[in-house]
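# Per-entry structural report
Below are the chains, spelled out letter by letter.
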Amino acid sequence: TSVLFLCQQHAGKHSNTRLFSGHVVVDLADGVAKPLKTEQPSSLRCMFHDHQNVVTYCVTCEHGVCAQCLATGHKLHPFIPLSDVANQKRASVQETAKSTLMIQPSTPTRPEQENKQSPVGELLQDVSEEMKLIDQESQAASSLVTGTVEQLHSMLKSKMEKLLDKIDRMRWSQLEPYEARQQRLLSLQEKH
């Protein structure tokens, strides 16, 4: 779950970017979690295939995937419906909002303070986890691109070899009658 605290001005700007499309933006200013007005796309697009809609959520990779992704890199991964993920994320954001806004009735004792992270520490940990996720997704995308390019290269190389072989066979089939004619003319020349 991503938790970012943005001012009203930046929340409005970010809610209209592709990066935040499909995210729930919550107003915490008045102490009540309520959705902000955002321009959300009617369907989510795959992060690897812009022309494809996300159809399900890959539990292993922790992101939405399209039909093309399902057919290639996620065949053995478990999936859950997007609606279940949305409900889980929504509940998590609401819980985070509640715990962030909650005022503790008493100051914790020294041992309790050591076991609990500060809200800033929790946010730093969340940011660190999101950065790791971005790195993992970037590596997955790089691997997908590399694999696809290597596969295309192999296919093109095979196609090139077949075409070159076909050209060579056509060349020999066209040259064969001329070579026979040349041999006959050479033998006639030797006789005269």
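Everything here concerns the structure above.
One structure accompanies this document, and this report is about it.

## Section: the packing of aromatic side chains
Per the stated rule, a full pass over the model turns up 0 aromatic pairs. The positively charged end of R171 is found above the aromatic ring belonging to W172, 4.8 Å away from the centroid.

## What to know about the sheet that holds strand β4 (residues 63-65)
With antiparallel pairing, 3 strands are arranged side by side in an open sheet as β4-β3-β5. The open sheet is flanked by β4 and β5 (79-80), the only strands paired with a single partner. With 2 bridges connecting them, strand β3 (residues 56-58) and β5 associate as antiparallel partners. From the neighbouring strand, C58 faces β5, where its bridge partner is F79.

## Thoughts on a nonpolar patch on the surface
Nonpolar side chains collect at one region of the surface, where M160, L164 and I167 lie side by side and expose about 300 Å² of accessible area between them. Turning to its location among the elements, M160 is positioned in helix α5 (residues 119-191).

## So, the pattern of salt bridges
A pair can form between side chains of opposite charge whenever their charged atoms are brought close. For the structure shown, the criterion picks out 1 salt bridge. The residue D165 makes a salt bridge to R169 at a minimum N-O spacing of 3.1 Å. Placement of the pair is D165 and R169 together in helix α5, with a separation of 4 residues, close to one helical turn. Relative accessible area serves as the criterion here: at 41%, D165 is assigned to the partly exposed category.

Rules behind the numbers
Per chain, residues are indexed from 1 in the order of the written sequence. Reporting of local features is limited, given that this is a predicted model, to residues whose pLDDT is at least 70; pairs of side-chain atoms are given and counted only at 80 or more, and all residues count toward the totals for whole chains, interfaces and linings. Heavy atoms throughout the structure, all of them, feed into the side-chain values; hydrogens and water do not. Between 30 and 60 degrees the pair is tilted, below 30 it is stacked and above 60 it is edge-to-face, where a pair is any two Phe, Tyr or Trp rings, Trp via its six-membered ring, whose centres lie within 6.5 Å. Whether a charge sits over a ring comes down to the Lys NZ or Arg CZ being within 6 Å of the ring centre and within 35 degrees of the ring normal. Here the rule is simple: two strands pair whenever DSSP picks up at least two bridges between them. Secondary structure elements follow DSSP: runs of H or I of four or more residues count as helices, runs of E of two or more count as strands, with numbering from the N terminus. Nonpolar side chains (Val, Leu, Ile, Met, Phe, Trp, Tyr) within 5 Å and like charges within 9 Å form the patches, drawn only from residues with over 30% relative accessible area and no salt bridge. Methods summary: accessible areas were calculated by the Shrake-Rupley approach with a probe of 1.4 Å, and residue burial reflects only the protein chains presented. What counts as a salt bridge is simple: a side-chain nitrogen of Lys or Arg found within 4 Å of a carboxyl oxygen of Asp or Glu. Only protein chains enter the accessibility calculation, which uses a 1.4 Å probe; a residue whose area is less than 20% of its type maximum is buried, one above 50% is exposed, and one in between is partly exposed.

Worth remembering: the numbers are spatial, not functional.
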